[in-house]
Every structure is written in structure tokens, then in C-alpha cells.
Amino acid sequence: MGDWIGSSWVWGLQWRRHLFDWENEDVQALQHIIHQKGPKRDTTDGILWKNAVAVSYPTKDITDKLSESLVPSLPKSVASIVWQKFIPPRAKLIVWLANKERLKTGDLLVEKGIIPPQDANCPFCGMFLESNSHILFVCRFSWSAWMEIINWWGLSAPLHNQPSKFSIQWLGLVNRRSHKDIWTLTLGCVFWSLWYERNQIKFKRKTPNLHNFVLSLKIRIGIWAKEMMGSDICAPNVIHNGY
Ligand SMILES: [Zn+2]
């Protein structure tokens, strides 16, 4: 993690895997942040809540503070997904980035001069410039996958193709309390799976195959439901609008 050089601490970060080119910018940003801080010699570690007005705090106070800085401009119903305990952390991260439209898609990398335009097409269709909304919704591959999943649950609805508006509409499709958790989990699973599939095609040269993707998506939803909620999905057509 680092070493003392004289009286100064110098961070030395090591990574468990080789970094992609598009991750270098994040590494530089991280280094910029941590180089401003470091351990102090002859000082004992402790926890200090900087906004302290009392000795002890309710957990909610801390959660609200964290939520405020992590999800500053997301609609409340979308921001709440980030705190759901039954969605795996890796999926929460993708849901958050997707709803903020901050996934590092081709359009953003071209804009910053990191990759040339010819390398920025959508990995699913190969025809259009990749953007957050294209890779997640507008592309025929992605939209078909969402529709397959929504039909799988016996639902139908016109849905927006902008991430946070889509998420709000999606969450509003199911009102029955007992179904809301699995429905939210499904949203997180599709977001994460689309991004994972995109990376498999782009970096591991996997061939896009909608049928296989949807099949693996349904299996993954079942596994996540079992692992995270202890629920078995036996009959898929159990959710209906308004119930
Ligand atoms: Zn596409």
C-alpha cells in the first residue's frame, strides 16, 4: 500500500489484475485524492464523525449522510435501489452508474480522445455509436432482452428509454408489496447483465446471441433470488399489474 520515505508517506498501489486503458483515468483520479492524505506517525487510529453534535449517532443519520453524497441527484425511488440489501454490491454499482449515465461507453471515450470513433460502436449491434442509453435500451438487442423479461413476468407496458425514467416506470409496474423486492432485484440483474455481456463481447470476443443471453439472464435472476432473498422462482408468471 505504501512506504515511509523520511517523514513522508508515499502510496504505492498494486492491482490484482491488468487494468484496461479506460480505467487509467479513474486510477489517476484516485491517486490525486489519496496523495492528499496519508497516515501520520505517532498518532493512534480512531473514528471521528466530523458532523458530531453528540457522542453517539443513530445509524440512519450516517446512512442519510452517505446517501446524500453517493446519490446526490437521483430520484428517491431510484436512489433507494442502491441501499437494497438483496441486490449484490456489483450490481448496485452498475445500477447507480447507469442511472447517472456514467458508464464508460464508447461515446464518452471518443469525446475524451481515449479511443478512435471506429472503436466506439455498440458491441451488440455494431451499427451505432455506443452510449449509455443505446447500450442499455435503444439497441435492439437490449430492448428485446428487457421485453423478454417483462413478458416472462406476465407484464406489459410502454417504457422510457432513458435510464432513470425507465427505472422509475419499471419500479412502478408492480404494486403488490410481496413482489416488489424480486421486481427490484430483476431490474438490478438486467442492468448488470447487459453491462457484463457488453464487456464479454467487447473484451473477450464473445458473439452476441439474444436467445442465450435471455436464457442466462433468467437463470441468473433465479440464482440471485435464491442467494440474496432465499426465494425460489418456480412459476415465472406470478406478477401482474396492480396486484
Ligand atoms: Zn446497438
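See the structure printed just above.
Residues numbered from 1 in each chain as written. Predicted model: local features only at pLDDT ≥ 70, side-chain atom pairs only at ≥ 80, totals over all residues.

Trainee: Just to check I follow, could you spell out helix α4 (residues 89–99) for this structure?
Mentor: Helical geometry: 3.6 residues make up each α-helical turn, so side chains three or four residues apart lie on a common side. Every buried residue of α4 is accounted for by Ala 91, Val 95, Ala 98 and Asn 99. Taken end-on, α4 shows its buried residues confined to a sector of 90°, consistent with a single buried face. Turned more than 90 degrees away from the buried face of α4, the exposed residues are Pro 89 and Arg 90. Against α3 (76–79), α6 (132–138), α8 (163–172) and α9 (177–204) lie the buried residues of α4. Immediately downstream of α4, the backbone of Glu 101 shows phi near 55°, a positive value. (Buried ≥ 20, exposed ≤ 12 C-beta atoms within 10 Å, placed from the backbone. Helix = DSSP H or I, 4+ residues; strand = E, 2+ residues; numbered from the N terminus. Arc of directions from axis to C-beta. Contact = placed C-beta atoms within 7 Å.)

Trainee: Just to check I follow, could you spell out unusual backbone geometry for this structure?
Mentor: Trans peptide bonds make up the majority, and among non-glycine residues the majority have a negative phi. Despite not being glycine, Glu 101 shows a phi value in the positive range, around 55°. Among the secondary structure elements, Glu 101 is positioned in the loop between α4 and α5 (106–111). In this structure Glu 101 comes out as partly exposed when scored by C-beta crowding, with 15 C-beta atoms within 10 Å. Although it is not a glycine, Arg 205 sits at a positive phi angle of roughly 60°. Positionally, Arg 205 belongs in the loop between α9 and α10 (210–229).

Trainee: Sorry if this is basic, but what is going on with the environment of Asp 107 here?
Mentor: Along the chain, Asp 107 falls in helix α5. The spatial distance from the C-alpha of Asp 107 to the C-alpha of Asn 132 is 8.5 Å, given a sequence separation of 25 residues. The contact partners of Asp 107, leaving out residues within four places of it in the chain, are Ala 120, Leu 129, Glu 130 and Ser 131.

Trainee: Before we go on, may I ask you to explain the pairing of strand β1 (residues 2–5) in this structure?
Mentor: Each regular strand shows side chains that alternate between the opposite faces of the sheet. Two strands pair when backbone bridges link them, and β1 and strand β2 (residues 8–11) are joined in this way by four bridges, in the antiparallel orientation. Considered in β2, the bridge of Gly 2 is made with Trp 11. Count of turn residues in the β1/β2 antiparallel hairpin: two residues, of which Gly 6 carries a positive phi of about 65°. (Pairing = 2+ DSSP bridges.)

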